[in-house]
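For reference, the chains in residue letters:
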Amino acid sequence: MIKFALEERPQGSQLVLATGSLHGVELSGREINPEAKEQLLRADQYEVVREHMLPFMNAVLED
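Residues numbered from 1 in each chain as written. Predicted model: local features only at pLDDT ≥ 70, side-chain atom pairs only at ≥ 80, totals over all residues. Heavy atoms only, no water.

Caption draft 1: The arrangement of the overall build of the protein in detail. Looking only at helices and strands, one finds two helices and zero strands in the protein. A globule of 63 residues ought to have a C-alpha radius of gyration of about 11 Å, yet the protein, at 15 Å, is considerably larger. When the 63 residues of the protein are sorted by exposure, 2% land in the buried category. Summing over all exposed atoms, the protein offers an accessible surface of approximately 6,400 Å²; the carbon and sulfur share of this is 54%. Between the averaged position of the 6 positive side-chain charges in the protein and that of its 11 negative side-chain charges there is a distance of 5 Å. (Helix = DSSP H or I, 4+ residues; strand = E, 2+ residues; numbered from the N terminus. Rg over C-alpha atoms; globule rule 2.2 N^0.38 Å. Buried < 20%, exposed > 50% of the residue type's maximum accessible area, 1.4 Å probe, protein only. Areas by Shrake-Rupley, 256 points an atom, 1.4 Å probe, with all protein chains shown as cover. Lys, Arg positive; Asp, Glu negative; His and termini not counted. Charge placed at Lys NZ, Arg CZ, Asp CG, Glu CD.)

Caption draft 2: Expanded view of the pattern of salt bridges. Per the counting criterion, the structure on display carries four salt bridges. As a salt-bridge pair, Glu 35 and Arg 42 come within 3.7 Å of each other at their nearest N and O atoms. Residue classification places Glu 35 among the exposed positions, given a relative accessible area of 69%. The class for Arg 42 is partly exposed, based on a relative accessible area of 37%. (Salt bridge = Lys/Arg side-chain N within 4 Å of Asp/Glu carboxyl O.)

Caption draft 3: Quick look at unusual backbone geometry. At His 23, a position not held by glycine, the phi torsion is positive, near 50 degrees. Here His 23 shows up in the loop between helix 1 (2-8) and helix 2 (46-61).

Caption draft 4: Quick peek at the environment of Ile 32. Among the structural elements, Ile 32 can be located in the loop between helix 1 and helix 2. A residue is classified by how much of its surface remains accessible, and Ile 32, at 60% relative accessible area, is exposed. Distance from Ile 32 to Ala 18, taken between C-alpha atoms, is 9.5 Å for residues 14 residues apart in sequence.

And the structure:
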């Protein structure tokens, strides 16, 4: 499934994949390893990221 997701994603799109293991599948993208278990952002990053993402969230919620 991981190989399929990587190979069949639409051209020009971004794939965000959260998994415990890539099961031997090679990927050419960026790998993010969280500093704390089950936590992607540190508490001191929440407000900065919220402010950055707010225009995108508002655009999705319009209509």
